[in-house]
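Survey of secondary and tertiary structure
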Amino acid sequence: AQSVTQPDIHITVSEGASLELRCNYSYGATPYLFWYVQSPGQGLQLLLKYFSGDTLVQGIKGFEAEFKRSQSSFNLRKPSVHWSDAAEYFCAVAAGNDMRFGAGTRLTVKP
Amino acid sequence: EPEVTQTPSHQVTQMGQEVILRCVPISNHLYFYWYRQILGQKVEFLVSFYNNEISEKSEIFDDQFSVERPDGSNFTLKIRSTKLEDSAMYFCASSEGLDTDTQYFGPGTRLTVL
C-alpha cells in the first residue's frame, strides 16, 4: 500500500523567509500526490496536486511543489512566507479510492 | 463555489451511544469518503463509497461503523456504540471520479465521547 512520510513535525520560519516542507512517498506505480493545508479548527484545503506532466506544479497562495521520481519526493515550497501561512500541512498520496496522508508538518511563522 | 458541508460541527456523546455524522457532498460528485483525525495525529482514511456501496475501507472501519446515502444529497457515517477512542475529528470528502480527481473536504465534525 502507498505511504507518505513528512520528516519534519514542526518548522519555524520568519515572515518573508523562504519555506520548504519535505514529503517522501512510497508507491509502486505512478503516484497521485497532493498537498493540503489545515488551519486551526478548520478542514483540509487543497493547495496543489500532481498527476502527470510537468513535475513543477503551481498551487494557490503562492505555493509550488516539485515531483522528483528519483528521490520519491514531492516537496512544497514558497519563496516568501506570510504570517497567515501558519498552519498544519499534509502531504498525501492517492491510489484509487484510498488516500493516505502524512503525519503533517506544523508551520509557525515568526514576525 | 460548491463545497462539502458537514453537520453537526461538534457532537458530544456518552460512551456506548450511537452517533450519526452527516455530510452533504458536492452535488455532481460520485465518490464519497470518510476520514478521521485523532487530536494531534494524522488524517486516516476510513471508507470510500460509490454507487451505493462501499468500494474500499481501512482496518479502522470495523463492524461498529457503517455508511449510508439515504437520499440524493446526504452521506452519513454511523458509529453504533461509541468508544472513548472514537473521539476525533471526522472529515467527509467527495470527488467526481477516482485517482485523477481531487477529493474536496468538508470542515469536519468534532466527536467527543465521554
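The structure contained in this document is the topic of the report that follows. Here the structure is a predicted model, which is why all the values come from computation and not from measurement. (Residues numbered from 1 in each chain as written. Chains lettered and ligands numbered in written order. Predicted model: local features only at pLDDT ≥ 70, side-chain atom pairs only at ≥ 80, totals over all residues. Heavy atoms only, no water.)

1. Observations concerning unusual backbone geometry
Across the junction of Thr7 of chain B and Pro8 of chain B, the peptide omega takes the value -10 degrees, indicating a cis bond. Notably, Ser72 of chain A is not glycine yet its phi reads approximately 50 degrees, a positive angle. For Ser72 of chain A, a relative accessible area of 26% translates into the label partly exposed. For Asn51 of chain B, which is not a glycine, the phi torsion comes out positive at approximately 55 degrees. (Buried < 20%, exposed > 50% of the residue type's maximum accessible area, 1.4 Å probe, protein only.)

2. Considering the pattern of salt bridges
Two side chains that carry opposite charge are able to pair once their charged atoms sit near each other. Residues and elements named next belong to chain A. The full count for this structure, using the stated rule, is 5 salt bridges over all chains. For Arg22, the salt bridge goes to Asp8, with nearest N and O atoms at 2.8 Å. Placement of Arg22 in the loop between strand E3 (19–21) and strand E4 (24–26) and of Asp8 in the loop between strand E1 (3–5) and strand E2 (10–14) is noted, with a sequence separation of 14 residues between them. Exposure remark for Arg22: the relative accessible area of 39% places this residue in the partly exposed category. Asp8 sits in the buried class, given a relative accessible area of 18%. Here Arg77 makes a salt bridge to Glu66, at a shortest N to O gap of 3.2 Å. On the criterion of sequence distance, the pair formed by Arg77 in strand E9 (residues 73–78) and Glu66 in strand E8 (residues 64–68) is long-range, its members being 11 residues apart. When its relative accessible area of 23% is taken as the criterion, Arg77 is described as partly exposed. (Salt bridge = Lys/Arg side-chain N within 4 Å of Asp/Glu carboxyl O. Helix = DSSP H or I, 4+ residues; strand = E, 2+ residues; numbered from the N terminus.)

3. Quick word on the pairing of strand E5 (residues 43–50) of chain B
All names here are of chain B. Burial of E5 is extensive: 6 of the 8 residues sit out of reach of the surface. Judged from the 7 bridges that link them, strand E4 (residues 31–37) and E5 form a sheet pairing that is antiparallel. Counterpart to Arg36 in the pairing with E5 is Glu44. Hairpin remark: E4 followed by E5, antiparallel, with 5 residues in the connecting loop; positive phi at Gly40, about 80 degrees. Where E5 meets strand E6 (residues 53–57), 4 bridges bridge the pair, whose relative direction is antiparallel. Considered in E6, the bridge of Val47 is made with Lys57. Linking E5 back to E6 in an antiparallel pair, the connection comprises 2 residues, with Asn51 at a positive phi of about 55 degrees. (Pairing = 2+ DSSP bridges.)

4. A few points about the interface of chain A and chain B
Taken together, the contact between chain A and chain B spans 20 residues of the former and 20 residues of the latter. Across the chain A/chain B interface, buried area totals approximately 1800 Å², and carbon plus sulfur atoms make up 54% of it. Where chain A packs against chain B, one counts 0 salt bridges. Put simply, chain A and chain B have 3 residue pairs in polar contact (both at pLDDT 80 or more) between them. (Contact = heavy atoms within 4.5 Å. Buried area = accessible area lost by both parts, 1.4 Å probe. Polar contact = N/O pair within 3.5 Å; in protein donor to acceptor, adjacent residues only side chain to side chain.)

5. With respect to the nonpolar core
In this structure, Leu19, Trp35, Leu47, Leu48, Phe74, Leu76 and Tyr89 of chain A are the most contacted members of the largest nonpolar core, which totals 26 residues. Per-element accounting of this core gives the leading share, 4 residues, to strand E10 (residues 87–95) of chain A. Val4, Val19, Ile38 and Leu46 of chain B belong to the second largest nonpolar core, which has 23 residues in total. (Core = buried A, V, L, I, M, F, W, Y, C linked by side-chain atoms within 4.5 Å.)

6. Concerning the pairing of E2 of chain A
Residue and element names in this part refer to chain A. Residues Ile11 and Val13 point to one face of E2 and are all buried, whereas His10, Thr12 and Ser14, pointing to the other face, are not buried. Inspection of the sheet shows E2 paired to strand E12 (residues 105–110) by 5 bridges, in the parallel sense. Residue pairing for E12: Thr12 is matched across the bridge by Thr108.

7. A word on the sheet that holds strand E7 (residues 65–68) of chain B
Strand pairing in a sheet is mediated by backbone hydrogen bonds. Such pairs are either parallel or antiparallel. Residues and elements named next belong to chain B. Taken in spatial order, the 4 strands of this open sheet run E1-E3-E8-E7, and their pairing is antiparallel. Single-partner strands in this sheet number two, and they are strand E1 (5–7) and E7. Taken pair by pair, the neighbouring strands of this sheet meet at an average axis angle of 20 degrees, ignoring direction. Note that E7 and strand E8 (residues 75–79) share 4 bridges and pair antiparallel. The residue of E8 that forms the bridge with Ser66 is Lys78. (Axes fitted to C-alpha atoms, helices over the stretch in contact; angles between N-to-C directions.)

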